[in-house]
Amino acid sequence: MYQIVTMCEGHVPQIAALEAASFSAPWDEDSIRAELDNPLALWLAAEDGDGAVLGYVGSQTCFEDADILNVCVAPAARRQGIAAALMTELEARLAPKGAERITLEVRASNVPAIALYAKIGYAQVGIRRNYYEKPREDALILQKSLLPLP
Ligand SMILES: CC(C)(COP(=O)(O)OP(=O)(O)OC[C@H]1O[C@@H](n2cnc3c(N)ncnc32)[C@H](O)[C@@H]1OP(=O)(O)O)[C@@H](O)C(=O)NCCC(=O)NCCS
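Here the structure is a predicted model, which means the values were calculated and not measured.

Basis of the calculations
- Residues numbered from 1 in each chain as written.
- Predicted model: local features only at pLDDT ≥ 70, side-chain atom pairs only at ≥ 80, totals over all residues.
- Helix = DSSP H or I, 4+ residues; strand = E, 2+ residues; numbered from the N terminus.
- Rg over C-alpha atoms; globule rule 2.2 N^0.38 Å.
- Buried ≥ 20, exposed ≤ 12 C-beta atoms within 10 Å, placed from the backbone.
- Near = placed C-beta within 6 Å.
- Nonpolar A, V, L, I, M, F, W, Y, C, P; charged D, E, K, R; others polar.
- Pairing = 2+ DSSP bridges.
- Axes fitted to C-alpha atoms, helices over the stretch in contact; angles between N-to-C directions.
- Right-handed = clockwise from strand over helix to strand, strands pointing away.

(A) Looking closely at the overall build of the protein. Each helix and strand in the protein was counted, giving four helices and seven strands. Seen in sequence order, the protein has helices and strands lined up from the N terminus as β-α-α-β-β-β-α-β-α-β-β. Taken over the C-alpha trace, the protein has a radius of gyration of 15 Å; the compact-globule value for 150 residues is 15 Å, and the two agree within 12%. Taking the principal axes of the C-alpha coordinates as reference, the protein spans close to 40 × 40 × 30 Å. Considering the protein as a whole, with its 150 residues, one finds that 27% of them fall into the buried category.

(B) Geometry of the site of the ligand. Residues in contact with the ligand amount to 20 residues; listed here are only the nearest, R78, A83, P112, A115 and L116. Looking at the shell around the ligand, the elements with two or more residues in it are β4 (65–73), α3 (82–94) and α4 (111–119). When residues of the shell around the ligand are assigned to their parent elements, the largest contribution, six residues, is made by α4. Split by residue class, the shell around the ligand holds 12 nonpolar, five polar and three charged.

(C) Expanded view of the sheet that holds strand β5 (residues 101–107). Strand order in the open sheet formed by seven strands is β1-β2-β3-β4-β5-β7-β6, with mixed pairing between adjacent strands. The outermost strands of the open sheet, each flanked by one partner alone, are β1 (2–6) and β6 (123–132). Looking at each pair of strands side by side, their axes are set apart by 25° on average, direction ignored. As paired strands, β4 and β5 are joined by three bridges and run parallel to one another. Residue D65 lies in a different strand from β5, and its bridge partner there is R101.

(D) Geometry of the pairing of β4. Two strands pair when backbone bridges link them, and strand β3 (residues 53–62) and β4 are joined in this way by eight bridges, in the antiparallel orientation. Residue pairing across strands places C62 opposite D65, the latter belonging to β4. The turn joining β3 and β4, which pair antiparallel and follow one another in sequence, is formed by two residues; a positive phi near 55° is taken by F63. Read as a crossover between parallel neighbours, the route from β4 over α3 to β5 is right-handed.

Structure (structure tokens):
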């Protein structure tokens, strides 16, 4: 079992370790820690009963536009719905604060992440050629509206 909570200082080293294990250009501890004091930022962690971080999502919101900075689940905890739960909780917290849409970028080859985002309602709105390095690759720009359906 796990619970989804707002990121706190105790999560930072574990999130940095997951970043380093999962991304070729990871956020380091200091960059993640700075988000704790960033009024535009909202990061959520999924933690198990012992406080171990199973996954996290990081976001920043400027007026009605929210951006997902990263989402990651520990390899041993994948395919249990944790990423979907983190994203759903993030949406539930951002919408009442005035966010109208969430945008994110994903590597064009990242099949698991693209499948996740499609399942929870993100649609492709653009592409940034050669956006990523290590390795160089296009980014798909995905977006989801948080506004109630008309
Ligand atoms: C992408 C990632 C966050 C998904 O986390 P997760 O907790 O395993 O995802 P969930 O269990 O919530 O999956 C929800 C849905 O996404 C899709 N999905 C997730 N992983 C998938 C995979 N490996 N293959 C195909 N579809 C997948 C499925 O539709 C899944 O629903 P289902 O299990 O009922 O079929 C995880 O694989 C990860 O951390 N990857 C490395 C970091 C990364 O690439 N982050 C994204 C950067 S943009």
